[in-house]
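For reference, the chains in residue letters:
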Amino acid sequence: YVMMMPFKRQALVEFEGVESAKKCVSFAAEEPVYIAGQQAFFNYSTSKRITRPGNTDDPSGGNKVLLLSIQNPLYPITVVGFFSFGFPDLGSLRVFPFCAPPGQRQLLNLLCRFESVFCAQKAKAALNGADIYAGCCTLKIEYARPTRLNVIRNDNDSWDYTKPYLGRRDRGKGRQRQAILGEHPSSFRHDGYGSHGPLLPLPSRYRMGSRDTPELVAYPLPQASSSYMHGGNPSGSVVMVSGLHQLKMNCSRVFNLFCLYGNIEKVKFMKTIPGTALVEMGDEYAVERAVTHLNNVKLFGKRLNVCVSKQHSVVPSQIFELEDGTSSYKDFAMSKNNRFTSAGQASKNIIQPPSCVLHYYNVPLCVTEETFVKLCEDHEVLGFIKYKVFDPKPSAKTLSGLLEWECKTDAVEALTVLNHYQIRVPNGSNPYTLKLCFSTSSHL
């Protein structure tokens with residue numbers, strides 16, 4: 001039995017016998033074990049047994065209520081939109097969420113009651129372990145202890161699918177005059193979600209073999225940064241980065257790396273803690289993505305420690321001069337190089353962990369492999385080992401392609417230094433901004 005503890009980035013694993021646990025700990029002590037590219041450490045727990053929720057593995061328990069846990073929610077999930085894009089219609093009746101503790105937004109728990117025990121069993125078998133979005137928002141489904149749910153109104157906190165208008169009749173109580181423009185603007189949707197993305201096939205391992213189960217599920221596009229849509233900074237939108245090379249890192253290079261995972265508002269190096277910076281990002285989801293993908297990454301011979309800061313915003317105080325002569329504070333809120341400023345722009349970004357292959361784009365047609373070689377030499381970064389350019393369209397004004405480095409660390413350093421480099425063209429009025437990101441390809 002395994003119980004995830006995402007808040008602590010830990011997990012409890014219960015073996016059938018003590019000998020199996022001893023073998024696991026002994027093996028991990030002698031040979032490093034890597035999970036998702038990061039080393040995992042094993043030790044004995046003080047717990048003798050992992051406590052299971054009631055009826056967790058007993059499908060004959062007669063419970064129609066399931067406990068759903070959404071782990072690693074890098075994108076916002078609401079109750080109303082949940083079944084519209086993450087769940088085939090399996091006769092679900094009621095949904096009721098448990099609020100996570102303040103500051104702990106990585107996990108959302110929901111109770112769902114189904115029409116029958118059979119429908120609940122099908123839902124658990126089909127979707128336990130499935131990702132709502134690729135690589136995140138993972139569903140963990142168990143049988144719950146309650147056998148019934150009481151939903152008094154339909155809103156973002158609870159929903160009864162058997163009573164679509166539950167609670168809405170109370171909205172007009174006390175009104176003496178009719179509203180001028182009706183209940184809401186014509187373009188407003190009660191579920192808070194915009195248009196759905198294209199219909200994607202539901203993976204075969206998640207289909208239940210029933211003719212009532214739809215084979216297409218609509219996945220909505222991730223929303224743009226909340227700071228641009230609503231203004232202000234939600235709690236947990238600041239990340240603290242330590243382990244930065246004091247001679248080679250500055251505010252712009254921190255921006256070059258972290259902008260791949262969300263909009264960057266401000267960057268400030270801390271005077272009292274050398275090699276440490278605060279990065280204010282567009283929202284807490286950008287922070288989650290940055291922590292997930294950049295923590296423990298090696299950069300310029302030092303290993304980064306990326307975590308959520310207790311600060312709610314970055315204040316431009318105690319500004320000083322860094323080793324390279326640049327300022328310790330910089331505001332990027334209006335930077336054109338932010339890549340999540342609109343829903344359309346955000347949907348084009350492919351969130352990828354660091355890899356040895358970089359995708360480059362927005363370079364002029366005259367750029368060649370020799371141009372990139374000289375660029376690496378001029379900026380004192382290790383050169384790439386493979387180069388590939390994509391065939392441009394006849395009407396294209398820019399080129400794109402792939403660059404592969406010997407190892408992931410070399411690629412991360414090259415991206416940190418060269419991302420957003422201004423390429424000037426002879427007789428050209430405006431320079432081209434080189435844009436880099438991690439590729440989905442592992443090798444060329």
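Because the structure is predicted, anything quoted here is derived from the model rather than measured. (Residues numbered from 1 in each chain as written. Predicted model: local features only at pLDDT ≥ 70, side-chain atom pairs only at ≥ 80, totals over all residues. Heavy atoms only, no water.)

Undergrad: I'd like to hear about the overall build of the protein, residue by residue, with values.
TA: Each helix and strand counted, the protein has 9 helices and 25 strands in total. Counting all 444 residues of the protein, 42% fall into the buried class. Across the protein, contacts joining residues at least 24 apart in sequence account for 70% of those joining residues at least 6 apart. Working note: accessible area of the protein is about 24900 Å², and carbon and sulfur atoms make up 52% of it. (Helix = DSSP H or I, 4+ residues; strand = E, 2+ residues; numbered from the N terminus. Buried < 20%, exposed > 50% of the residue type's maximum accessible area, 1.4 Å probe, protein only. Contact = heavy atoms within 4.5 Å. Areas by Shrake-Rupley, 256 points an atom, 1.4 Å probe, with all protein chains shown as cover.)

Undergrad: Can you tell me about a nonpolar patch on the surface, naming the residues and giving the values?
TA: A surface patch of nonpolar side chains, amounting to about 330 Å² of accessible area, comprises Val-2, Met-4, Val-13 and Phe-15. Tracing the backbone through its elements, the reader meets Met-4 in strand 1 (residues 2-5). What makes Met-4 partly exposed here is its relative accessible area of 43%. (Patch = residues over 30% accessible without salt bridge, like charges linked within 9 Å, V, L, I, M, F, W, Y side chains within 5 Å. Salt bridge = Lys/Arg side-chain N within 4 Å of Asp/Glu carboxyl O.)

Undergrad: Would you mind going over the sheet that holds strand 14 (residues 264-269) in detail, with residue names and values included?
TA: With respect to topology, 5 strands assemble into an open sheet ordered 18-13-15-14-19, the strand pairing being antiparallel. The sheet is open, and its two edges are formed by strand 18 (305-308) and strand 19 (329-331), each paired on a single side. Looking at each pair of strands side by side, their axes are set apart by 15° on average, direction ignored. Sitting on the sheet, helix 5 (residues 251-258) touches strand 13 (238-242), strand 14, strand 15 (276-281), strand 18 and strand 19, and the angle it makes with strand 14 is about 135°. Of the strands in this sheet, strand 13, strand 15 and strand 18 are in contact with helix 6 (residues 284-294), which crosses strand 18 at around 155°. (Pairing = 2+ DSSP bridges. Axes fitted to C-alpha atoms, helices over the stretch in contact; angles between N-to-C directions.)

Undergrad: Account for the nonpolar core, with residues named and values stated.
TA: Grouped together as the largest cluster of nonpolar side chains are 56 residues, with contacts concentrated most on Val-239, Leu-257, Phe-258, Ile-264 and Leu-434. The leading source of residues in this core is helix 9 (residues 408-418), at 6 residues. Two domains each provide a minimum of three residues to this core, namely domain 3 (238-342) and domain 4 (352-439). Membership of the second largest hydrophobic core comes to 20 residues, among which are Leu-68, Ile-132, Cys-137 and Leu-139. (Core = buried A, V, L, I, M, F, W, Y, C linked by side-chain atoms within 4.5 Å. Domains from an automatic or database assignment.)

Undergrad: I'd like to hear about the packing of aromatic side chains, residue by residue, with values.
TA: If you walk through the whole model with that rule in mind, you get 6 aromatic pairs. Considering the side-chain rings of Tyr-360 and Phe-372, the 4.7 Å spacing of their centres and the 50° angle between planes classify their relative orientation as tilted. Of this pair, Tyr-360 sits in strand 20 (residues 357-364) while Phe-372 is found in helix 8 (residues 369-378), placing the two residues 12 residues apart along the sequence. Each ring, one from Phe-384 and one from Trp-405, has its centre 5.8 Å from the other, and the planes form 75°; the classification is edge-to-face. (Phe/Tyr/Trp six-rings, centres within 6.5 Å; stacked < 30°, edge-to-face > 60°.)

Undergrad: So, the sheet that holds strand 22 (residues 398-404): which residues are in play, and what are the values?
TA: If you trace the 4 strands from one edge of the open sheet to the other, you get 21-22-20-25, paired in antiparallel fashion. The sheet is open, and its two borders are formed by strand 21 (386-389) and strand 25 (435-438), each paired with just one other strand. For this sheet the average axis-to-axis angle between neighbouring strands, irrespective of direction, equals 20°. Relative to strand 22, strand 20 runs antiparallel, the two being bridged by 7 bridges. Bridged to Tyr-360 within strand 22 is Gly-401. On top of the sheet, helix 9 reaches strand 20 and strand 25; it is set at about 155° to strand 25, its chief contact.

Undergrad: Kindly report on the pairing of strand 14, identifying the contributing residues and their values.
TA: Burial analysis of strand 14 places 5 of its 6 residues in the buried class, the great majority of the element. The sheet contact formed by strand 14 and strand 15 spans 5 bridges and is antiparallel. Counterpart to Val-267 in the pairing with strand 15 is Val-279. Between the antiparallel neighbours strand 14 and strand 15 lie 6 residues, among them Gly-275 with a positive phi of about 75°. Here 3 bridges tie strand 14 to strand 19, and the two strands are oriented antiparallel to one another. When the sheet's bridge partners are listed, Lys-266 is paired in strand 19 with Asp-331.

Undergrad: Could you give an account of helix 1 (residues 18-30), with specific residues and numbers?
TA: For helix 1, built from 13 residues, the straight-helix expectation of 18 Å at 1.5 Å per residue is met to within 8% by its first-to-last C-alpha distance of 19 Å. For helix 1, the full list of buried residues reads Ala-21, Val-25 and Ala-28. Down the axis of helix 1, the smallest arc covering the buried residues is 65°, so these residues share one side. Summarising the geometry of helix 1, the exposed residues directed more than 90 degrees from the buried face are Glu-19, Lys-23 and Glu-30. Packed against the buried residues of helix 1 are strand 3 (33-35). (Expected span 1.5 Å × (residues − 1). Arc of directions from axis to C-beta.)

Shape is all these values report; function is a separate question.
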